[in-house]
Every structure is written in C-alpha cells, then in structure tokens.
Amino acid sequence: HPNKEAFIEGVDHIFAKWTALELAVKNGWGGRNSQEKRDNMVDEIINYFDELVRKKQKPEPSDIEEVLSQIVDEDFNIVLEDNSAIEVARDICRIFAECIAGNFASVDKLRDE
C-alpha cells in the first residue's frame, strides 16, 4: 500500500537524521552488525504501528519514545539523555498521521533534505 510504503520511507529518513543512532551505527556500538540492527529498528517500529492499527489505537509519542529508548539501549548500549527519542517519536507519529491521510509532503521533504 502506498501509504505504508511512504511511512516506512519516512521512518527510515527520520532514523537517518537521528544523530545518536547514526553515531551508534557509524561507530559500531552495536557490534559488527550495527547497520543491520538499525535497519531492524525500522521494521520493529513499523510492526509496532501495524499492531496499533489492528487494535484501532492511536499512537502516543511517549509510548513510541519508550520503545525507541528500549531498542537503542538493548541493541547499542545507549542510554539517551538528550530528549532525542521523544523528538524522533513525535516525528514518527506525525508522519504516520499524514501517511494515513494520504499526505506525503513531510516524507517528500525528508527525502529531499
């Protein structure tokens, strides 16, 4: 579905701009397969949102922040103290709402940055 494809692309772009995550990948904080772990994060977030849709629940940035923080802690041994996870979570929720409505402007903007 184009809306889901755009959402997946948007999440990937948001993660690419997330300084803490990109430093972790670049510096191999998750071991030799740091890039794979980062790519798996996209899948985990998409699956999380799929589950919310199935349950007809609205995504809450604070819940997404918790998921993101848990993943980066487990996969990269990073404890985030810079509020970046909540900012990333808010961006993901915004992109999700836009994509569901068929609005891909933010995804297009992220692609062009």
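Before any of the text, the structure's been laid out above.
Residues numbered from 1 in each chain as written. Predicted model: local features only at pLDDT ≥ 70, side-chain atom pairs only at ≥ 80, totals over all residues. Heavy atoms only, no water.

*Asks:* Just checking my understanding: could you explain the packing of helix H1 (residues 2-16) against helix H3 (residues 34-54) for this structure?
*Replies:* For any two helices packed against each other, the geometry is given by the interaxial angle and the distance between the axes. Between H1 and H3, the shortest axis-to-axis distance is 10 Å and the interhelical angle comes to 135°. Comparing the axis directions of H1 and H3 gives the class oblique. You can see that H1 and H3 cross each other, and the crossing is right-handed. Contact with H1, carried on its side by Lys-4, Phe-7, Ile-8, Val-11, Asp-12, Phe-15 and Ala-16, involves Arg-38, Met-41, Val-42, Ile-45, Ile-46, Phe-49 and Asp-50 of H3 and no other residues of that element. When its residues are assigned to classes, the contact of H1 with H3 shows 10 nonpolar, no polar and four charged. (Axes fitted to C-alpha atoms, helices over the stretch in contact; angles between N-to-C directions. Helix = DSSP H or I, 4+ residues; strand = E, 2+ residues; numbered from the N terminus. Parallel < 35°, antiparallel > 145°, perpendicular 65-115°, else oblique. Left-handed = near helix turned anticlockwise from the far one by under 90°. Contact = heavy atoms within 4.5 Å. Nonpolar A, V, L, I, M, F, W, Y, C, P; charged D, E, K, R; others polar.)

*Asks:* How should I be thinking about the packing of aromatic side chains in this particular structure?
*Replies:* Under the counting rule described, the total for this entry stands at five aromatic pairs. Summarising the aromatic geometry, the rings of Phe-7 and Phe-49 are spaced 5.0 Å apart at their centres and angled 65° between planes, so their arrangement reads as edge-to-face. Of this pair, Phe-7 sits in helix H1 while Phe-49 is found in helix H3, placing the two residues 42 residues apart along the sequence. Take Phe-7 and Phe-49: they sit in the same class, and that class is buried. Relative to Phe-49, the ring of Tyr-48 has its centre 6.3 Å away and its plane inclined at 75°; by these criteria the two rings are edge-to-face. Phe-49 sits in the buried class, given a relative accessible area of 1%. Members of the aromatic cluster, connected to one another through ring pairs, are Phe-7, Tyr-48, Phe-49 and Phe-96. (Phe/Tyr/Trp six-rings, centres within 6.5 Å; stacked < 30°, edge-to-face > 60°. Buried < 20%, exposed > 50% of the residue type's maximum accessible area, 1.4 Å probe, protein only.)

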